[in-house]
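Listed below are the residues making up each chain.
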Amino acid sequence: MSKNVDVVVLRRRLKRRRRMLKLLMFLVVLGVALLVYSKRDTWFPKLQGIGSRYQNITRNEESDGTFELAVSGGVEYFADFVQSDLFILCDKYLYIYSADGTLLDSRQHAYSNAAMKTSGSRVLLYSINGTNFRVDSRNKEQYELTTDQPIWFGVISEDGRVAIVTESETYACRLTVYDTNGKVIYTRECVERLSDVSFSGDGCIFSTIGASGGELITTLQCISFDENDVKWTTAPLPTLCLQVFAMQDGGAFVIGDTKAAYYTSTGALAGSYDYNAEMTDFAFSEDKGAVLLKNEERRQSVLLLFSDRSAAPATVQLDSIARNVILDGETAYLLSGSSIRSFAFSGQEMKATPVTDAYDRILRYGKYFYLLGYDKIHRIES
């Protein structure tokens with residue numbers, strides 16, 4: 001019996017010891033936490049900025065002196081030139097590089113599903129389905145604002161005005177326009193969903209999405225920011241508008257998923273063109289447009305070049321699948337296969353620049369092409 005009693009006593013002692021050890025560990029952890037909290041003014045400044053030391057985009061020091069930026073981990077990014085500087089948006093940072101690859105600034109942002117739009121000397125950052133947006137320039141963040149409803153998309157004009165389209169409690173969506181300082185200058189509750197906005201003079205042209213006869217249709221409306229009435233409305237166009245571009249004479253050019261169309265300054269349809277193939281990319285600049293189509297079965301592409309409302313676009317047949325088209329002045333540049341090919345708007349090919357690696361997009365500034373790839377951004381002479 002004494003042996004049984006000793007075992008029971010021993011077990012009780014072990015249980016008490018475990019409880020004491022757990023209590024002691026809890027008190028130690030609590031004491032450390034209280035100490036850190038009491039010294040927060042000393043520790044926190046030292047911790048600030050640690051995250052910014054990790055760069056998604058860095059200069060490749062092994063590139064033998066040539067321009068090359070390394071993209072870590074294949075992170076998704078957006079890049080475009082704002083005047084002479086290359087702005088690159090990643091998941092947590094906005095990087096600003098000079099044209100020769102010198103890092104000018106890196107700015108943190110907290111936007112999930114971040115998007116970037118550039119125009120003039122400023123860049124618009126916003127959170128898709130979030131409620132925050134901001135405007136930056138080369139030198140600083142200009143301002144940041146919060147919307148009442150989730151953001152669908154935003155655009156920025158050459159002079160720095162911003163249009164933000166959000167959800168609406170009582171309508172399909174809401175259009176809000178801000179001046180260069182972030183002050184609201186126009187608000188419109190829209191009965192139809194907007195797909196794009198393009199600034200035009202003292203107002204804008206926006207596209208709405210609807211349906212008729214089982215197919216999607218696009219309608220354009222032109223408004224002035226100092227008037228309530230719509231200046232003009234177009235007849236429905238049987239396509240889904242991907243982007244609308246205001247033209248210098250007050251008209252508009254629409255790039256849809258199945259066709260492109262010109263409109264006059266009064267909203268009259270001046271001409272349209274059906275693609276009859278899958279569209280892969282498009283570009284518009286200085287009243288000229290380019291649409292890139294592909295035939296996957298034949299491994300071929302077609303480039304359509306729009307320069308005249310009254311005429312059909314010039315058509316260029318390509319013997320390979322092209323990935324990207326950009327415009328610069330009177331020239332269209334096409335990333336196709338192992339080269340960048342340039343075309344006049346007549347359709348005549350002018351030059352081909354060899355490309356050694358695979359890239360997804362190209363930018364052009366000065367005499368250089370900037371090649372945007374999965375894990376690097378490279379520069380070559382055009």
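Owing to the predicted nature of the structure, the values given are computational and were not obtained by experimental measurement. (Residues numbered from 1 in each chain as written. Predicted model: local features only at pLDDT ≥ 70, side-chain atom pairs only at ≥ 80, totals over all residues. Heavy atoms only, no water.)

### A word on the confidence of the model for the protein
Now for step 1: Residues with a pLDDT of 70 or more make up 85% of the protein, whose mean pLDDT is 88.
Now for step 2: A low-confidence stretch, residues 40–53 stays under pLDDT 50, and its non-local contacts, those more than four residues away or across chains, total four contacts. (pLDDT = per-residue confidence, 0-100. Contact = heavy atoms within 4.5 Å.)

### Here's the deal with the packing of aromatic side chains
Now for step 1: In this structure the tally under the stated criterion is 15 aromatic pairs.
Now for step 2: An aromatic cluster is present here, built from F245, F253, Y262, Y273, F284 and F306 joined pairwise through their rings.
Now for step 3: Cation over ring: R364 sits above F369, and NZ or CZ is 5.7 Å from the ring centre. (Phe/Tyr/Trp six-rings, centres within 6.5 Å; stacked < 30°, edge-to-face > 60°. Lys NZ or Arg CZ within 6 Å of the ring centre and 35° of its normal.)

### Some details on a negative patch on the surface
Now for step 1: On the surface, D202, D226, E227 and D229 cluster together into a negatively charged patch.
Now for step 2: Along the chain, the position of E227 falls in the loop between strand 17 (215–224) and strand 18 (230–233).
Now for step 3: Looking at E227, the relative accessible area reads 41%, which means it is partly exposed. (Patch = residues over 30% accessible without salt bridge, like charges linked within 9 Å, V, L, I, M, F, W, Y side chains within 5 Å. Areas by Shrake-Rupley, 256 points an atom, 1.4 Å probe, with all protein chains shown as cover. Salt bridge = Lys/Arg side-chain N within 4 Å of Asp/Glu carboxyl O. Lys, Arg positive; Asp, Glu negative; His and termini not counted. Charge placed at Lys NZ, Arg CZ, Asp CG, Glu CD. Helix = DSSP H or I, 4+ residues; strand = E, 2+ residues; numbered from the N terminus. Buried < 20%, exposed > 50% of the residue type's maximum accessible area, 1.4 Å probe, protein only.)

### Re the sheet that holds strand 33 (residues 376–381)
Now for step 1: In spatial order, the strands read 1-2-33-32-31; together these five strands make up an open sheet with antiparallel pairing. Since the sheet does not close on itself, it has two edges, and those belong to strand 1 (57–59) and strand 31 (361–365), each with one partner. With direction set aside, neighbouring strand axes in the sheet form an average angle of 25°.
Now for step 2: Strand direction decides the pairing type here: strand 1 and strand 2 (residues 68–71), joined by three bridges, are antiparallel. Residue pairing in the sheet places R59 in a bridge with L69 of strand 2. (Pairing = 2+ DSSP bridges. Axes fitted to C-alpha atoms, helices over the stretch in contact; angles between N-to-C directions.)

### Details of the pairing of strand 27 (residues 322–328)
Now for step 1: Within strand 27, five of the seven residues are buried, which leaves it mostly tucked inside the rest of the structure.
Now for step 2: Here strand 27 runs beside strand 28 (residues 331–336); their pairing, made up of six bridges, is antiparallel. By the bridge assignment for strand 28, I326 is matched with Y333.
Now for step 3: Turn length for the strand 27-strand 28 hairpin, with the two strands adjacent in sequence and antiparallel, is two residues, and the turn residue G329 shows positive phi of about 65°.

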